[in-house]
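# What the coordinates show
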Amino acid sequence: MDRYTDCPGELEAHLATRTPEWASSICGVPVEEIEAFARQVGRTKRSFFRLAMASPAAANGAAQMHAALCIPAVTGAWQYEGGGAFFQQLRDLAFQRIADRGPRRDRPDNTGARSIADRTHSDGNAEALRGGPPVKAMLIQNTNPMAVAPEQTLVRQGFAREDLFMAVHEQFMTETAQMADIILPATMFMEHDDLYYGGGHQHISVGAKLIEPPGECRSNHEVLQGLGRRLNAVHPASKCRRAS
């Protein structure tokens, strides 16, 4: 701990005044289980903690994650292959992302594209819009900001603007779809090919198309390709074609 962690002395002094009974009174786990768990982790050199999405989303989530991460730091499990802790793997999967994103702000081919927070389409202030003009048109896929975005009052005001044209690509009549000028029917997961990241592991799952979509439903990729062709967009994503 002296070599790989900070404040080991302070931690030791803190733990000297804490007991399994103290912990049990807070978390409700029996003292016997706390002690058995501590022995198992302490005796296992390659102990590993799989940290799930629910932890950071819960009350005191940051403290929970910090506490769990401290255990393999205290035992030294990080030093051994297979030991330590793991939360998300998205950055470990080296997918080529230029084909599904606009030009990066730090690239010479930057076309002035902005990346703005969810709430900024509604309040119109210069700082939120990063010095650019107000948002006048919007295509929404894979999200329902009228239900999940912060500053809900501002979001509703923004979507109700007369000068905002909004197209929503959806499967259901969500709160956001109800505010749209145009609703485009979207495919469901069995109606298009897809790749899925693993939830807490290093594998990729292939979700092959199983059935034909009904009516005029299109996938996200097909909608963006169609817009790219009609707008004569010069970008790798707009040049892709689905194999026949």
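As a reminder, the structure under discussion sits directly above these lines.
Residues numbered from 1 in each chain as written. Predicted model: local features only at pLDDT ≥ 70, side-chain atom pairs only at ≥ 80, totals over all residues. Heavy atoms only, no water.

### What to know about the nonpolar core
One finds Val 135, Met 138, Ile 140, Val 155, Phe 159, Met 166 and Val 168 to be the most contacted residues of the largest nonpolar core, which totals 13 residues. Listing elements by their share of this core, those giving two or more residues are strand 3 (137-141), helix 8 (152-159) and strand 4 (165-170). Core analysis: the second largest hydrophobic core is formed by six residues, Val 41, Phe 49, Ala 68 and Ala 85 among them. (Core = buried A, V, L, I, M, F, W, Y, C linked by side-chain atoms within 4.5 Å. Buried < 20%, exposed > 50% of the residue type's maximum accessible area, 1.4 Å probe, protein only. Helix = DSSP H or I, 4+ residues; strand = E, 2+ residues; numbered from the N terminus.)

### A short note on the layout of surface pockets
Size it by volume and the second largest pocket reaches roughly 1,300 Å³. Lining the second largest pocket are 28 residues, with Leu 15, Ala 23, Ile 34, Ala 67 and Ile 71 sitting closest to its centre. The biggest single contributor to the lining of the second largest pocket is helix 5 (residues 61-75), with nine residues. Per-class residue counts for the lining of the second largest pocket are 20 nonpolar, seven polar and one charged. (1 Å grid on protein atoms, 1.4 Å probe; cavity = no way out; pocket = protein on both sides within 12 Å on 5 of 7 lines; lining within 4 Å. Points joined across faces, edges and corners; volume = space filled by probe spheres on them. Nonpolar A, V, L, I, M, F, W, Y, C, P; charged D, E, K, R; others polar.)

### Focus: the pattern of salt bridges
Within the structure shown, the criterion is met by three salt bridges. A salt bridge links Arg 161 to Asp 163; its shortest N-O distance comes to 2.9 Å. Classification of Arg 161 as partly exposed rests on a relative accessible area of 21%. With a closest N to O distance of 3.0 Å, Glu 212 and Lys 209 form a salt bridge. A relative accessible area of 61% means that Glu 212 is categorised as exposed. (Salt bridge = Lys/Arg side-chain N within 4 Å of Asp/Glu carboxyl O.)

### Considering the sheet that holds strand 3
The strand order across the open sheet formed by three strands is 3-4-5, and the pairing between neighbours is parallel. This sheet does not close on itself; its edge strands, each paired only once, are strand 3 and strand 5 (182-185). Here the strands of the sheet are splayed against their neighbours by 15° on average, with no regard to which way each runs. Here strand 4 runs beside strand 5; their pairing, made up of four bridges, is parallel. Bridge pairing in strand 5 links Ala 167 to Ile 182. Across the sheet, helix 9 (residues 220-230) touches strand 3, strand 4 and strand 5, and the angle it forms with strand 3 is around 155°. (Pairing = 2+ DSSP bridges. Axes fitted to C-alpha atoms, helices over the stretch in contact; angles between N-to-C directions. Contact = heavy atoms within 4.5 Å.)

### Some details on the environment of Gly 215
When you line up the elements, Gly 215 lands in the loop between strand 7 (204-207) and helix 9. A C-alpha to C-alpha distance of 8.5 Å links Gly 215 and Pro 185, two positions 30 residues apart in sequence.

### Brief notes about helix 9
Three or four residues apart is the spacing at which side chains of an α-helix point the same way, because the helix has 3.6 residues per turn. Those residues of helix 9 that fall on the buried side of the exposure criterion are Val 223, Gln 225, Gly 226 and Gly 228. Buried positions along helix 9 lie against strand 3, strand 4 and strand 5. Immediately downstream of helix 9, the backbone of Asn 232 shows phi near 55°, a positive value.

### Side note on the packing of helix 2 (residues 20-27) against helix 3 (residues 31-43)
With their axes 9 Å apart at the nearest point, helix 2 and helix 3 run at an angle of 115° to one another. Crossing geometry of helix 2 relative to helix 3 is assigned as right-handed. On helix 3, the residues touching Pro 20, Glu 21, Ala 23, Ser 24 and Cys 27 of helix 2 are Val 31, Ile 34 and Glu 35. Taken together, the residues of the contact of helix 2 with helix 3 break down into five nonpolar, one polar and two charged. (Left-handed = near helix turned anticlockwise from the far one by under 90°.)

That is the geometry; function is a separate question.
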